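Now for the letters of each chain:
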Amino acid sequence: IGCSDKQIAEIMKSQNVTQLPNIYWQYLKVMGVSAGDLYIGTDVTYRFLRHLKQFARGLLVEDGRKFELPDDTLVFLMHHGYQFMYFHTEEYEDDPPVFHYIQDQEPDEPQQKWAHLSEFLTIFIEEVSNLETHIEFLSKYT
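How each quantity is defined
- Residues numbered from 1 in each chain as written.
- Predicted model: local features only at pLDDT ≥ 70, side-chain atom pairs only at ≥ 80, totals over all residues.
- Heavy atoms only, no water.
- Helix = DSSP H or I, 4+ residues; strand = E, 2+ residues; numbered from the N terminus.
- Patch = residues over 30% accessible without salt bridge, like charges linked within 9 Å, V, L, I, M, F, W, Y side chains within 5 Å.
- Areas by Shrake-Rupley, 256 points an atom, 1.4 Å probe, with all protein chains shown as cover.
- Salt bridge = Lys/Arg side-chain N within 4 Å of Asp/Glu carboxyl O.
- Lys, Arg positive; Asp, Glu negative; His and termini not counted.
- Charge placed at Lys NZ, Arg CZ, Asp CG, Glu CD.
- Buried < 20%, exposed > 50% of the residue type's maximum accessible area, 1.4 Å probe, protein only.
- Core = buried A, V, L, I, M, F, W, Y, C linked by side-chain atoms within 4.5 Å.
- Contact = heavy atoms within 4.5 Å.
- Polar contact = N/O pair within 3.5 Å; in protein donor to acceptor, adjacent residues only side chain to side chain.
- pLDDT = per-residue confidence, 0-100.
- Axes fitted to C-alpha atoms, helices over the stretch in contact; angles between N-to-C directions.
- Parallel < 35°, antiparallel > 145°, perpendicular 65-115°, else oblique.
- Left-handed = near helix turned anticlockwise from the far one by under 90°.
- Nonpolar A, V, L, I, M, F, W, Y, C, P; charged D, E, K, R; others polar.

1. A closer look at unusual backbone geometry
For step 1, the next point in the chain: Look at Asn-16: it is not a glycine, yet its phi comes out positive at around 55°.
For step 2, the next point in the chain: If you trace the backbone, Asn-16 turns up in the loop between helix H1 (5-14) and helix H2 (22-31).

Right under this line is the structure:
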């Protein structure tokens, strides 16, 4: 189930960003409210997205990390409260790199995990049982 434009605007407002890469906007429009059985235990949907940046910042403080999450980031995934992923929105690219942080692991700062958001979404979507819908999504928006 996809997000409405209003819900996407709420996500952006809550994370204090003014723009999104088109591929992520389209992803939200297709499966932003419910992504079926994608990554049970991983918070990626509208219900959580409005709070993920706050939770990620709290995790960094809890870990005593000196790294501070930049204001222009959109935290789009948190897994079981101990790891998160984000991308930058001000250095606007249609397909930005994805950064990953795991609690209590070195190095202290999040690391670039994927060169492009489309790489992450491709892997993420391919793991769903209804591959036809997701292949269609990827062929349209990547």
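That shown, we press on.
2. Some words on a negative patch on the surface
For step 1, the next point in the chain: A surface patch of like charges, here negative, comprises Glu-90, Glu-91, Glu-93 and Asp-94.
For step 2, the next point in the chain: Given a relative accessible area of 59%, Glu-90 falls into the exposed group.

3. Regarding the nonpolar core
For step 1, the next point in the chain: Counting 38 residues, the largest nonpolar core has Tyr-24, Leu-28, Phe-76, Phe-84 and Phe-120 as its most contacted members.
For step 2, the next point in the chain: Within the residue set of this core, elements represented by two or more residues are H1, H2, helix H3 (46-49), helix H4 (52-62), strand S2 (73-79), strand S3 (83-88), strand S4 (98-102) and helix H5 (117-126).
For step 3, the next point in the chain: Apart from the residues lying within four places of it in its own chain, the contact partners of Phe-76 are Tyr-24, Asp-43, Val-44, Leu-49, Leu-52, Met-85, Tyr-86, Phe-87, Val-98, Leu-117 and Phe-120.

4. Some points on the side chain of His-100
For step 1, the next point in the chain: If you trace the backbone, His-100 turns up in strand S4.
For step 2, the next point in the chain: Within the structure, the side chain of His-100 is placed 2.5 Å from the side chain of Gln-83, a separation counted as a polar contact.
For step 3, the next point in the chain: With residues near it in sequence (within four places) discarded, His-100 still touches Gln-83, Phe-84, Met-85, Pro-110, Gln-111 and Lys-113.

5. A few points about the pattern of salt bridges
For step 1, the next point in the chain: Summed over the entire model, instances satisfying the criterion amount to 4 salt bridges.
For step 2, the next point in the chain: In this structure, the salt-bridge partner of Arg-65 is Asp-108, at a minimum N-O distance of 2.6 Å. Remark: Asp-108 occurs in the loop between S4 and strand S5 (111-114) and Arg-65 occurs in the loop between H4 and S2; sequence separation between them is 43 residues.
For step 3, the next point in the chain: Accessibility expressed as a relative area gives 14% for Arg-65, which makes it buried.
For step 4, the next point in the chain: One salt-bridge network, in which partners are shared between bridges, spans Arg-65, Glu-106 and Asp-108.

6. Overview of the confidence of the model for the chain
When pLDDT drops low, the exact placement of atoms in the prediction is not to be read closely.
For step 1, the next point in the chain: Averaged over every residue, the pLDDT of the chain is 86; residues scoring 70 or more account for 85%.
For step 2, the next point in the chain: Looking across the chain, the model is least confident in helix H6 (residues 131-141), with a mean pLDDT of 65, and most confident in H1, with 97.

7. Quick word on the packing of H1 against H2
For step 1, the next point in the chain: At a closest axis distance of 10 Å, the pairing of H1 and H2 adopts a crossing angle of 125°. The pairing of H1 with H2 is recorded here as oblique in orientation. When the axes of H1 and H2 are compared, the crossing they make is right-handed. Of the residues in H2, those in contact with Asp-5, Ile-8, Ile-11 and Met-12 of H1 are Trp-25, Leu-28 and Lys-29.
For step 2, the next point in the chain: The residue makeup of the contact of H1 with H2, split by class, is 5 nonpolar, no polar and 2 charged.

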